[in-house]
Amino acid sequence: MKPLEQLVRPNIWRLAPYSSARNEYSGRTARVFLDANENPYNTPLNRYPDPLQTEVKQKLSKIKGVTPDCIFLGNGSDEAIDLPYRCFCEPGKDNVVAMEPTYGMYKVCADINDVEYRPVLLDEQFQISAEKLLAACDENTKIIWICSPNNPTGNSIRREEILKTIEQFQGFVIVDEAYIDFSTQKSLRQELAKHPNLIVLNTFSKAWGCAAIRLGMAFARPEIVGLFNKVKYPYNINLLTQQQALEALNDPYEIDKWVKILLQERSRMIDAFKLLPICKKVYPTDANFFLCKMTDAQKIYDYLVDRGIIVRNRSRIQLCNNCLRVTIGTKSENNEILAALRQY
Ligand SMILES: *Cc1c(COP(=O)(O)O)cnc(C)c1O
């Protein structure tokens, strides 16, 4: 990896961040707060929230097996996807490399930040080699995006290829593990100490069942977390979100139960789809959804919409011709889509 200073935009490297009232005084012993121009009434909503989410990170640290100073929390993964562009990529000059097809936000954020986006097509098994990713890079490539398990294909990317990419690339490799809790694969979080250029993303939106609170996580070495903290909005995670996250973190067994049921339902759904005459193929999945090739995806999609059932039509995406992406729902929701498709 290049020295950090060479990978960070010069203006960000030099940036003196905004210092909020809650930054300047963060001790716990004070009783009278007259420093932040808050209204003294309407407790607890009157107070600015902890800008560094100390309590949430302490709890997360135990569950995720990383120290709190290696955790960044964002307004959804969306913020953790956008910040690397803003910190590392010089608009109009730098570029990023990503596999194709993959999650759409990497490209949207590249376009917003005026950063060239270089897609590299997956093979027929939806896999990619380190060699292919690295071949798409040049001296201005700052980030390689790897989504594993991948959205919309559902499969995990081979670990050896991810590790090879991390070891051989001079910039950052960001591995988006939004669906890791549904996967049999091990998270790359435990590799952080060995690889200074690795950033791993997780989210509260999927297995944790908290898409509404908008809370995403980036795990990286403390210098990188420090850069993200410097650039983020001072109070990017609101109080209600922090409270709700703490509640969810108090009950991780509930999440294990959900995941177990969803995995059972996933195999039941896949078996049932394979028996449908209109389903030509179900692709292997490590996520809480699966991709399936249908006889006529658009018509089947419209048919389902007419019955109040919405799936994702991925037909127009490369390598996903005639494909629908189906999320695993409750048992009765899954029964509804199966009944509808059997009558098609
Ligand atoms: C759903 C999803 C996310 C989650 O995004 P949030 O902003 O945290 O809700 C992140 N990455 C991928 C690949 C996803 O599919």
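What comes next concerns the included structure.

Rules and cut-offs
- Position numbers for residues count from 1 along each chain, tracking the sequence in the order it is written.
- Since the coordinates come from a predicted model, pLDDT governs what is reported: local features require at least 70, and pairs of side-chain atoms require 80 or more to be given and counted, while whole-chain, interface and lining totals use all residues.
- The basis for every side-chain value is the complete set of heavy atoms in the structure, and neither hydrogens nor water enter the calculation.
- The nonpolar core is taken to be a set of buried Ala, Val, Leu, Ile, Met, Phe, Trp, Tyr and Cys residues, with the residues joined through side-chain atoms within 4.5 Å.
- Relative accessibility under 20% of the residue-type maximum defines a buried residue, over 50% an exposed one, and the middle range a partly exposed one, all with a 1.4 Å probe and only protein chains included.
- Secondary structure is summarised from DSSP: a helix means a run of H or I of at least four residues, a strand means a run of E of at least two, and numbering begins at the N terminus for each.
- Working rule for contacts: check all heavy atoms of both residues, and any pair within 4.5 Å makes them a contact.
- For this description, a residue counts as near a given molecule or strand if any of its non-hydrogen atoms is within 4 Å of it.
- In the analysis that follows, any N or O atom pair within 3.5 Å is treated as a polar contact, provided that within protein one partner can donate a hydrogen and the other can accept it, and provided that, for residues neighboring in sequence, both atoms belong to side chains.
- Areas reported here follow the Shrake-Rupley algorithm with a probe of radius 1.4 Å; residue values treat only the protein chains shown as occluding.
- By the convention adopted, Pro, Cys, Tyr, Trp, Phe, Met, Ile, Leu, Val and Ala count as nonpolar, Lys, Arg, Asp and Glu as charged, and the other residues, Gly among them, as polar.
- Each pair of strands is called paired provided DSSP finds at least two bridges between the two strands.
- The axes used here are C-alpha line fits, helices contributing only the stretch in contact, and every angle between their N-to-C directions lies in the interval 0 to 180 degrees.
- Classification of ring pairs rests on two measures: the distance between centres of Phe, Tyr or Trp rings, Trp counted by its six-membered ring, which must be within 6.5 Å, and the angle between planes, read as stacked under 30 degrees, edge-to-face over 60 and tilted in between.
- Note on handedness: a clockwise path from strand one over the helix to strand two, with the strands aimed away from the viewer, defines a right-handed crossover.

### Focus: the nonpolar core
And step 1. Counting residues in hydrophobic clusters, the biggest one holds 86 residues, and the most contacted among them are Tyr 85, Phe 88, Trp 145 and Ile 199.
And step 2. Considering each element in turn, this core owes the most residues, six residues, to helix α5 (residues 76-88).
And step 3. Beyond its immediate stretch of four places on either side in the chain, Tyr 85 contacts Arg 9, Val 96, Tyr 106, Cys 109, Ala 110, Asn 113, Val 115, Tyr 117, Ile 143 and Trp 145.

### Observations concerning the site of the ligand
And step 1. Looking at the ligand, there are 14 residues lining it, with Tyr 179, Thr 203, Ser 205, Lys 206 and Arg 214 nearest.
And step 2. One of the backbone nitrogen or oxygen atoms of Ser 77 is found 2.7 Å away from an oxygen atom of the ligand.
And step 3. Interatomic distance of 2.6 Å between a side-chain N/O atom of Tyr 179 and an oxygen atom of the ligand.
And step 4. For the ligand, the protein covers 94% of the area, taking 390 Å² as the surface of the free molecule.
And step 5. Residue contributions to the shell around the ligand peak at three residues, all from α5.
And step 6. When its residues are assigned to classes, the shell around the ligand shows five nonpolar, five polar and four charged.

### Topic: the sheet that holds strand β7 (residues 216-219)
And step 1. Taking strand neighbours across the sheet as the criterion, the seven strands line up as β1-β7-β6-β5-β4-β2-β3 in an open arrangement whose pairing is mixed. Edge positions in the sheet fall to β1 (71-74) and β3 (116-121), since each of these pairs with one other strand and no more. With direction set aside, neighbouring strand axes in the sheet form an average angle of 25°.
And step 2. Across four bridges, strand β2 (residues 95-100) lies against strand β4 (residues 141-147) in parallel orientation. Paired with Ala 98 across the two strands is Trp 145, which belongs to β4.

### Remarks on the packing of aromatic side chains
And step 1. Per the stated rule, a full pass over the model turns up twelve aromatic pairs.
And step 2. Here Phe 126 and Tyr 283 contribute two aromatic rings whose centre-to-centre distance is 5.0 Å and whose plane-to-plane angle is 50°, an arrangement assigned as tilted. Of this pair, Phe 126 sits in the loop between β3 and α7 (130-135) while Tyr 283 sits in the loop between β8 (279-282) and β9 (289-294); the two residues are 157 residues apart in sequence, bridging distant segments of the chain.
And step 3. When its relative accessible area of 4% is taken as the criterion, Phe 126 is described as buried.
And step 4. Among the residues examined, Tyr 283 registers a relative accessible area of 8% and is labelled buried.

### Considering the sheet that holds β9
And step 1. In space, the four strands of this open sheet follow the order β8-β9-β11-β10, with antiparallel pairing throughout. Each edge of the sheet is formed by a strand with only one pairing partner; in this case those strands are β8 and β10 (312-313).
And step 2. Taken together, the two bridges between β10 and strand β11 (residues 323-327) define a ladder with antiparallel strand orientation. Directly across from Arg 312, in β11, lies its bridge partner Arg 325.
And step 3. Sheet strands in contact with helix α11 (residues 252-275) are β8, β9 and β11, and its direction is about 5° off that of β9.

### Concerning the pairing of β2
And step 1. Across the six residues that make up β2, a large majority, six, are buried.
And step 2. Strand direction decides the pairing type here: β2 and β3, joined by six bridges, are parallel. Bridge assignment links Val 97 to a residue of β3, and that residue is Arg 118.
And step 3. Crossover handedness for the path β2 to helix α6 (residues 105-112) to β3: right-handed.

### Notes on unusual backbone geometry
And step 1. Put simply, Thr 43 and Pro 44 share a cis peptide bond, and its omega is -5°.
And step 2. Looking at the secondary structure, you find Pro 44 in the loop between α3 (21-24) and α4 (54-64).
And step 3. Here the amide bond leading from Glu 100 into Pro 101 is cis, since omega sits at 0°, within 30 degrees of zero.
And step 4. As for its placement among the helices and strands, Pro 101 is situated in the loop between β2 and α6.
And step 5. Its identity is not glycine, yet Gln 53 carries a phi of approximately 50°, on the positive side.
And step 6. Position of Gln 53 among the secondary structure elements: in the loop between α3 and α4.

### Focus: the pairing of β11
Consecutive residues of a regular strand have side chains that alternate between opposite faces of the sheet.
And step 1. Burial of β11 is extensive: four of the five residues sit out of reach of the surface.
And step 2. Across five bridges, the pairing between β9 and β11 is antiparallel. Paired with Leu 291 across the bridge in β11 is Arg 325.

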